[in-house]
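The chain contents come next:
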Amino acid sequence: MTYFEHFGSEHISVLLFITAATASGLVLSRKLSDKNAESLIRILSCIVLAGEIIQDALLIRDGGNFLEFLPLHLCNLGIFVNLAASFSKGKIRAFFSEISIILIMPGAIGALLFPDWNYRPFWSYLPLLCFLTHSLLVFIPLFFLVRNYADISFRHFWYPYLFLLIVSPPIFLLDIKTGTNYMFLLYPTSDSPLSWISRLSGERFYIPALIIFVTLILVIEYTVYWTAGRFRSKR
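How each quantity is defined
- Residues numbered from 1 in each chain as written.
- Predicted model: local features only at pLDDT ≥ 70, side-chain atom pairs only at ≥ 80, totals over all residues.
- Heavy atoms only, no water.
- Core = buried A, V, L, I, M, F, W, Y, C linked by side-chain atoms within 4.5 Å.
- Buried < 20%, exposed > 50% of the residue type's maximum accessible area, 1.4 Å probe, protein only.
- Helix = DSSP H or I, 4+ residues; strand = E, 2+ residues; numbered from the N terminus.
- Contact = heavy atoms within 4.5 Å.
- Patch = residues over 30% accessible without salt bridge, like charges linked within 9 Å, V, L, I, M, F, W, Y side chains within 5 Å.
- Areas by Shrake-Rupley, 256 points an atom, 1.4 Å probe, with all protein chains shown as cover.
- Salt bridge = Lys/Arg side-chain N within 4 Å of Asp/Glu carboxyl O.
- Axes fitted to C-alpha atoms, helices over the stretch in contact; angles between N-to-C directions.
- Parallel < 35°, antiparallel > 145°, perpendicular 65-115°, else oblique.
- Left-handed = near helix turned anticlockwise from the far one by under 90°.
- Nonpolar A, V, L, I, M, F, W, Y, C, P; charged D, E, K, R; others polar.
- Polar contact = N/O pair within 3.5 Å; in protein donor to acceptor, adjacent residues only side chain to side chain.
- Phe/Tyr/Trp six-rings, centres within 6.5 Å; stacked < 30°, edge-to-face > 60°.
- Lys NZ or Arg CZ within 6 Å of the ring centre and 35° of its normal.

This brings us to the nonpolar core. Inside soluble globular proteins, nonpolar side chains tend to come together where they are buried. If you look at the biggest cluster of nonpolar residues, it comprises 63 residues, and the most contacted ones within it are Phe131, Phe163 and Ile171. Every element with two or more residues in this core is listed here: helix 1 (9-29), helix 2 (34-61), helix 3 (74-86), helix 4 (90-113), helix 5 (125-146), helix 6 (158-178), helix 7 (193-201) and helix 8 (206-234). Residues contacting Ile171, with those up to four places away along its chain left out, are Leu72, Leu77, Tyr182, Met183 and Leu185.

The following block contains the structure:
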């Protein structure tokens, strides 16, 4: 077999392991001093960057096209968002931490659930590296949340829109010019929620439907965090 199936035994096993490891790490992270927490999150953010560099170098060694491995998917952009949050302070850290929690983490969770790297054997380097980096892209935002790096509020609902407004248009133009499909702006990955959106909206209205989908996700997320904040304040 040259690929692995979504939600096959190997996929489910690694998802369970990631869930357990993430939960354990968050419990331990609460006990860290501020200094040690700073050091840990910076190290983890750098590990994700190193993992991405190693992965791309191996893919290019195997004959891949450099243009196809630029760090321009949402999860790839999360590498730099997390680095910015980890190595900054104050309002800058709060902004990038919130972007990481609200945008990057859901994208990374979606990638773990519906990996587009399943065209390789499960135990080959690409799936293993991708599962490692994407699990860290879930853990790091949760770490920001647990350590109160961000103050998530409906007042900040424009944060993710500002970020997407800055990064999406140039990536979309690059996709059109080069035939790449960064951030899946030209077409969705198969067997994923994006493919379901594409089937419902049709190719012509894929981008507007994608915007509506992202907005709904943001509304749900901010509502959840608002509700959790209200609950904590009443305790």
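Next, the rest of the story.
On the surface, Phe7, Ile12, Leu16, Ile109 and Leu113 cluster together into a nonpolar patch covering about 420 Å² of accessible area. Looking at the nonpolar patch, the elements that each hand over two or more residues are helix 1 and helix 4. Relative to the helices and strands, Ile12 resides in helix 1.

The next thing to look at is the pattern of salt bridges. The tally for this structure, following the rule as stated, stands at six salt bridges. Two residues, Arg42 and Glu38, come together in a salt bridge whose shortest N-O distance is 3.2 Å. Of the two residues, Arg42 and Glu38 both sit in helix 2, four residues apart, roughly one turn of that helix. Notably, a salt bridge pairs Asp151 with Arg155, separated by 3.8 Å at the nearest N-O pair. Judged by relative accessible area, Asp151 falls into the partly exposed class, the value being 46%. Several salt bridges converge on common partners, so that one network encompasses Glu38, Arg42, Lys89 and Arg93.

What follows deals with the packing of helix 1 against helix 5. It is at 10 Å that the axes of helix 1 and helix 5 come closest, and there the two elements cross at 30°. By the angle between their directions, the pair helix 1 and helix 5 is classed as roughly parallel. Judged by the twist between their axes, the crossing of helix 1 over helix 5 is right-handed. For the pair formed by helix 1 and helix 5, the contact residues are His11, Val14, Ile18, Thr22, Gly25, Leu26 and Ser29 on the first element and Phe131, Ser135, Phe139, Leu142, Phe143 and Val146 on the second. Among the residues making up the contact of helix 1 with helix 5, the classes are represented as eight nonpolar, five polar and no charged.

Locating Thr180 in the fold gives a position in the loop between helix 6 and helix 7. Within the structure, the side chain of Thr180 is placed 3.0 Å from the side chain of Asp175, a separation counted as a polar contact. A polar side-chain atom of Thr180 sits 2.8 Å from a polar atom in the side chain of Thr178.

With that settled, consider the packing of aromatic side chains. Two aromatic rings, taken as a pair, are described by how far apart their centres are and by the angle between their planes. Under the definition given, this model contains 17 aromatic pairs. Their ring planes at 25° and their centres at 5.5 Å tell us that Phe144 and Tyr149 sit as a pair that is stacked. Across the pair, exposure class does not vary: Phe144 and Tyr149 are buried alike. One aromatic cluster is present, built from ring pairs that chain together Phe4, Trp117, Phe122, Trp123 and Phe131. The side chain of Arg93 reaches across the aromatic face of Tyr149, ending 4.3 Å from its centre.

This next bit is on the side chain of Ser195. Tracing the chain through its elements places Ser195 in helix 7. A residue is classified by how much of its surface remains accessible, and Ser195, at 6% relative accessible area, is buried. In contact with Ser195, not counting residues within four places along its chain, are Pro188, Thr189 and Ser190.

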